[in-house]
Amino acid sequence: GVVLKPALACTAHLLVAQLGGAPPSTEVTQLFAWLLEFTLHANPKVRARAQTASATVLESHRSLSPAAARFVQQRLGSLQARDVQSALFLLNFVKQVFAAFNAQAASTVLSSLFRLFDLRHAILTRSALDLLTAVTAEGTSDPLPAATLTAIVDQLLQLAGNGDAPDLSSPDAKPSAAGSL
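Residues numbered from 1 in each chain as written. Predicted model: local features only at pLDDT ≥ 70, side-chain atom pairs only at ≥ 80, totals over all residues. Heavy atoms only, no water.

### Digging into the packing of helix 8 (residues 122–138) against helix 9 (residues 146–161)
In contact at an axis separation of 13 Å, helix 8 and helix 9 are set at 145° when each is read in the N-to-C sense. Crossing of helix 8 against helix 9: the hand is left-handed. Residues Thr125, Leu129, Leu132 and Thr136 of helix 8 touch helix 9, and the partners they reach there are Ile152, Leu156 and Leu159. Of the residues belonging to the contact of helix 8 with helix 9, the class tally is five nonpolar, two polar and no charged. (Axes fitted to C-alpha atoms, helices over the stretch in contact; angles between N-to-C directions. Helix = DSSP H or I, 4+ residues; strand = E, 2+ residues; numbered from the N terminus. Left-handed = near helix turned anticlockwise from the far one by under 90°. Contact = heavy atoms within 4.5 Å. Nonpolar A, V, L, I, M, F, W, Y, C, P; charged D, E, K, R; others polar.)

### Some remarks on the packing of aromatic side chains
This structure, assessed with the given rule, holds three aromatic pairs. Taking the centre distance of 4.9 Å and the plane angle of 70° together, the rings of Trp34 and Phe38 count as edge-to-face. Given a relative accessible area of 35%, Trp34 falls into the partly exposed group. Consider the rings of Phe98 and Phe101, whose centres lie 5.8 Å apart with planes at 70°: the pair is edge-to-face. (Phe/Tyr/Trp six-rings, centres within 6.5 Å; stacked < 30°, edge-to-face > 60°. Buried < 20%, exposed > 50% of the residue type's maximum accessible area, 1.4 Å probe, protein only.)

### Points about the confidence of the model for the chain
Mean pLDDT over the chain stands at 83; residues scoring 70 or higher make up 85%. Taken element by element, the chain is modelled with least confidence in helix 9, mean pLDDT 80, and with most confidence in helix 4 (residues 65–78), mean pLDDT 94. (pLDDT = per-residue confidence, 0-100.)

### What to know about helix 3 (residues 44–60)
Taking 1.5 Å of rise per residue, the 17 residues of helix 3 would be expected to cover 24 Å, and the 24 Å separating its terminal C-alpha atoms lies within 8% of that figure. Turning to helix 3, its buried residues are Val46, Arg47, Ala50, Gln51, Ala53, Ser54, Ala55, Val57 and Leu58. Near the N-terminus of helix 3, the side chain that reaches the backbone nitrogen of Lys45, with its oxygen 2.8 Å away, is that of Asn43. (Expected span 1.5 Å × (residues − 1). Polar contact = N/O pair within 3.5 Å; in protein donor to acceptor, adjacent residues only side chain to side chain.)

Here you go:
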């Protein structure tokens, strides 16, 4: 952790300076992917530093938002109900950086987010709903496509109509671990 925290900040500075206004090279994208891996680190200080560093890079260079969206998509796609902690770390990261995503990256992330509802886990469902509420209120730097907005509404109607929505008034459904992220 002692070496990682300054390395992550240095990597963010390097990525911001390297890109300027140019499209990201393969090496820059690989370095950014390396940085993203630490956004889910078990050490909270390393994770926080990586999430902040990644957000700084994305705010400066939206051209990397597809890489961040692929990262989120891959991680959400491989989650299982037992991976609650990793999912909460990932959702926290998405909440921090969502506004920096372009419309295509935002659509990719939101489509991947719907997979959490399929896991039928109360904490993950509640956290995904909270994230959807936050990001749709905040928006992105580009307006979301109509198809993405329609998919959000369809998913929410399906969740409510099938009775799959957890009882969010239950103490078990409250994502208490999310508050400590």
